[in-house]
Amino acid sequence: MDRPSALCHTETSSAPRTAPMTTAPTASFRDLDLPAALLSALTEVGYETPSPIQAACIPHLLAGHDLLGEAQTGTGKTAAFALPALARLDLNNNRPQVLVLAPTRELAIQVAEAFQKYAHHMPGFHVLPIYGGQSMVVQLRQLKRGAHVVVGTPGRIMDHLERGSLNLDGLRTLVLDEADEMLRMGFIDDVEWILEHTPAERQTALFSATMPEAIRRVAHQHLREPREVKIRAATSTVAAIRQRYWQVRGVDKLDALTRILEVEDDFDAAIVFVRTKTATVELADRLEARGHAAAALNGDMTQGLREQVIERLKGGSLDIVVATDVAARGIDVPRISHVINYDIPYDTEAYVHRIGRTGRAGRQGTAILFVAPRETRMLKTIERATRQPIEAISLPTREAVADRREAQFRQQIIETLEKEDLSFFAEVIARIEEEEGLDPHQIAAALAALATRERPLRIEESGRGWALATAPQDERRERAPRENRENREEILTRRRAFSEGLLTRYRIEVGRQHGVTPKEIVGAIANEGGIEGRYIGQIHLFDEYSTVELPKGLQGEMLGALKRIRVRQRPLAIRALAEGEGEAPRERARPAPRQYDGERPQRKYAERTEGAKRPWDGERRSPSRKPAGDRPPPKTHRKGGQKP
Ligand code: ADP
Ligand code: MG
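This write-up is about the structure you can find in this document.

What counts and what doesn't
- Residues numbered from 1 in each chain as written.
- Chains lettered and ligands numbered in written order.
- Predicted model: local features only at pLDDT ≥ 70, side-chain atom pairs only at ≥ 80, totals over all residues.
- Heavy atoms only, no water.
- Helix = DSSP H or I, 4+ residues; strand = E, 2+ residues; numbered from the N terminus.
- Buried < 20%, exposed > 50% of the residue type's maximum accessible area, 1.4 Å probe, protein only.
- Contact = heavy atoms within 4.5 Å.
- Areas by Shrake-Rupley, 256 points an atom, 1.4 Å probe, with all protein chains shown as cover.
- Pairing = 2+ DSSP bridges.
- Right-handed = clockwise from strand over helix to strand, strands pointing away.
- 1 Å grid on protein atoms, 1.4 Å probe; cavity = no way out; pocket = protein on both sides within 12 Å on 5 of 7 lines; lining within 4 Å.
- Points joined across faces, edges and corners; volume = space filled by probe spheres on them.
- Nonpolar A, V, L, I, M, F, W, Y, C, P; charged D, E, K, R; others polar.
- Polar contact = N/O pair within 3.5 Å; in protein donor to acceptor, adjacent residues only side chain to side chain.
- Axes fitted to C-alpha atoms, helices over the stretch in contact; angles between N-to-C directions.
- Phe/Tyr/Trp six-rings, centres within 6.5 Å; stacked < 30°, edge-to-face > 60°.

## Here's the deal with the overall build of the protein
Alright, step 1. In terms of regular secondary structure, the protein is built from 24 helices and 21 strands.
Alright, step 2. Going through the 644 residues of the protein one by one, you find that 55% of them count as buried.
Alright, step 3. Taking the contacts inside the protein whose residues are at least 6 apart along the sequence as the reference set, 79% of them involve residues at least 24 apart.
Alright, step 4. Approximately 28,800 Å² of the protein is accessible, and the part contributed by carbon and sulfur atoms is 50%.

## Some remarks on the sheet that holds strand β17 (residues 539–541)
Alright, step 1. Here 4 strands make up an open sheet; going across it, the order is β17-β18-β16-β21 and the pairing antiparallel. Edge positions in the sheet fall to β17 and β21 (575–576), since each has one partner strand and no second.
Alright, step 2. With 3 bridges joining them, β17 and strand β18 (residues 546–551) adopt antiparallel strand pairing. Bridging across to β18, H540 finds its partner in T547.

## Quick word on the pairing of strand β12 (residues 320–323)
Walk down a regular strand and you will see the side chains alternate between the two sheet faces.
Alright, step 1. Side chains I320 and V322 of β12 all project onto a buried face; the interleaved residues V321 and A323 project onto the opposite face, where all are buried too.
Alright, step 2. Across 4 bridges, strand β10 (residues 269–273) lies against β12 in parallel orientation. Each residue of the ladder has a partner; that of I271, found in β12, is V321.
Alright, step 3. Here strand β11 (residues 294–297) pairs with β12 via 4 bridges, running parallel. Within the sheet, the bridge partner assigned to A295 lies in β12 and is V321.
Alright, step 4. After leaving β11, the chain enters helix α13 (residues 303–315) and then returns to the sheet as β12, a path that is right-handed.

## Brief notes about the environment of W193
Alright, step 1. Considering the arrangement of structural elements, one finds W193 in helix α9 (residues 188–196).
Alright, step 2. Each residue touching W193, except ones within four places of it in the same chain, is listed here: M158, L161 and E162.

## Looking at the side chain of T366
Alright, step 1. Take T366: it is sitting in strand β14 (residues 365–371).
Alright, step 2. T366 gets classed as buried once you look at its relative accessible area, which sits at 5%.
Alright, step 3. When residues no more than four places from it in sequence are discounted, the contact partners of T366 are I241, R242, R244, E264, D266, S337, H338, V339 and T358.

## As for the environment of D189
Alright, step 1. Counting through the fold element by element, D189 comes out in helix α9.
Alright, step 2. Along the backbone, D189 and P154 are 35 residues apart, and their C-alpha atoms lie at a distance of 9.3 Å.

## Structural notes on unusual backbone geometry
Alright, step 1. Within the chain, Q569 stands out as a residue other than glycine whose phi angle is a positive 70°.
Alright, step 2. Looking at where Q569 falls in the secondary structure, it is placed in the loop between β19 (566–567) and β20 (570–571).
Alright, step 3. Here Q569 falls in the partly exposed class, since its relative accessible area comes to 44%.
Alright, step 4. With phi around 45°, A573 is a residue other than glycine that occupies positive phi space.
Alright, step 5. Position of A573 among the secondary structure elements: in the loop between β20 and β21.

## Some words on the layout of surface pockets
Gaps left between atoms show up when a probe the size of a water molecule is rolled over them.
Alright, step 1. Of the volumes computed, that of the largest pocket is approximately 1,700 Å³.
Alright, step 2. Taken together, 45 residues make up the lining of the largest pocket; nearest its centre are R275, I344, P345, Y346 and R566.
Alright, step 3. Residue assignment for the lining of the largest pocket shows that the elements contributing at least two residues are α8 (179–184), α10 (213–222), α11 (253–263), α12 (277–289), α16 (376–386), α22 (518–528), α23 (556–564) and β19.
Alright, step 4. Its residues placed into classes, the lining of the largest pocket shows 17 nonpolar, 7 polar and 21 charged.

## Focus on the side chain of R507
Alright, step 1. Within the element layout of this structure, R507 appears in strand β16 (residues 503–508).
Alright, step 2. A relative accessible area of 19% places R507 in the buried class.
Alright, step 3. At a separation of 2.7 Å, a polar atom in the side chain of R507 contacts the side chain of E509.
Alright, step 4. Setting aside anything within four residues of it in sequence, one finds R507 in contact with Y545, S546, T547, L572, A573, I574, R575 and L577.

## Comments concerning helix α4 (residues 77–87)
Alright, step 1. Among the 11 residues of α4, 9 are classified as buried, and the element is accordingly described as predominantly covered.
Alright, step 2. Looking only at α4, the buried set comprises K77, A79, A80, F81, A82, L83, P84, A85 and L86.
Alright, step 3. For α4, the elements touching its buried residues are α2 (36–45), α3 (52–62), β3 (98–101), α5 (105–118), β6 (173–176) and β7 (203–208).

## Remarks on the sheet that holds strand β9 (residues 241–247)
Alright, step 1. In spatial order, the strands read β11-β12-β10-β13-β14-β9-β15; together these 7 strands make up an open sheet with parallel pairing. Each edge of the open sheet is held by one strand with a lone partner, namely β11 and β15 (391–393). The mean angle between the axes of side-by-side strands here comes to 25°, regardless of whether they run parallel or antiparallel.
Alright, step 2. Where β10 and strand β13 (residues 336–341) come together, 5 bridges link them in parallel fashion. Bridge pairing in β13 links V272 to I340.
Alright, step 3. Of the strands in this sheet, β9, β10, β12, β13, β14 and β15 are in contact with α11, which crosses β14 at around 160°.
Alright, step 4. In the packing of α13 onto the sheet, the strands contacted are β10, β11, β12 and β13, and the crossing angle to β11 comes to about 145°.

## Topic: the packing of aromatic side chains
Alright, step 1. Across all of its chains, the model carries 6 aromatic pairs by this definition.
Alright, step 2. Ring geometry for F542 and Y545: centres 4.8 Å apart, planes at 20°, overall stacked.
Alright, step 3. Judged by its relative accessible area of 3%, F542 falls in the buried class.
Alright, step 4. The class for Y545 is buried, based on a relative accessible area of 9%.
Alright, step 5. One aromatic cluster in this structure is built from F81, F115 and F207.

Geometric descriptors of this kind do not, in isolation, establish any biological role.
Next comes the structure, spelled out in structure tokens:
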């Protein structure tokens, strides 16, 4: 991996220390004692040298040690654990020998794909991804058939362990991938439960981009004399990424985005980050209306739809994906040339995760951040954390865009002349010239006007011409308020949950006077707090604070995470309301739009209320609204603003 190696600084320590680690990067995978089958697969996928985390971890893992690995996104952690796991595998034994826990379905799939790739020359090898949202029947059948490696999300793995459909008696290696994400998403209890229900003599490897105290504690409790590997990659992970920001002023963000996309040099595909699911759909719609091949990617979409979106992005029938952090985590599509932070992330970690979607596989990537005036502090924090200045840019002027369009138009003409047989058209023009008595320049000018109707070469002062001609009409498209479309049954489920005492009222320190809306509250709690929207009950806004109904008995990490969430620049500082506390609500907030469908981070609440009929029992409903990804690609789209 050419990206991080130059700048990475490796630190390893072990207690007790056995073999001293070298800090010099290993020259080749051959030096790592990997079997020939793996070496040839690596040659095929085109890995030349091990990345620092791979060089540091593989020897420890091959030797059977436990391991605590800290390295940022994009440093090659998957191969760091997959290669030694494969090397130690007994292919004749069809019971799961390796279990990898990953925070999201996307990641589970990606890790499973990586295993498959590396095991290309290991005949009979079988890896099985297991995640929520996939049919239980299918999974049960697959599990019965047997697999050497299982990669899954914690909730679903736990389900199978409880049912007895997954037997881990033969487990030799357990990997926790992106442990800090699992913590953030509220899975840590599930993870610990799994750790307690797997053979004690297993090898355990824990990987995380950061090492919060809670993760250290888990490591301390469940890892045996782990070797510690820490890759300092704060600057290196983003080394291949050109980072820029635009200070939001004057025009709105959508206009800014379309202008920027239009003049970006090496644009191939982009992922645009927004904060809420509603925003993914809205922005994707509007980009589509402006002629971009765009689609939304969010947690409301079924797994199948999400995969479709990624596949279309890979295949080039989509150029822009508008996503939330949760939905985009771990996406690895090499053609993503741009990451646009349309809404600024909540923290630097999220920023690093986001921009890690570009500059993949050694390519150059560009990240552009939109910074509103009140967000300048966050910009500074990000610069400090990544130890890299982010360069300010100004919006391309009308002239710049017009120049670009003209250059592209000219290029099109030249290419058409070079590549196509134009004799038929030459005759047509000759006839027009002769019969109408016209000058060829006049004819060409008329044709140029016709050819650029959709994307004028001249942009008027009034702003007309920025977008495609079809845009205004499309954008006026009637949209029913989304709230109205909310599934009635869902509202009833939540009402019932509250009346049955599963939900209780919490107080949060942001209210009407701070300009907050119920939508923002739900968005923040669902996306940042990892609480599924279905379990967020009614919200009441007061002047200085608000109340929100959430599962009873929230505590520990989960509550801690919720406390730290900021909405309208204010920490929620959430706490449960005591019986009878709080005035009668003055305003019944509309039931806020449902968010999140991550896999059940709140299973623990369900468990705590044993006996009660759990409203979240039963099948997942199908989304009440068709997300954008479901639509066929737009008829009129050009490729990401490159070619007219
Ligand atoms: P992480 O889990 O640390 O975020 P990944 O394992 O997803 O990183 O790897 C990031 C990208 O780097 C993937 O596209 C992967 O194929 C590629 N990669 C990993 N190891 C190497 C290597 N040794 N050489 C080249 N590319 C690599
Ligand atoms: Mg990873």
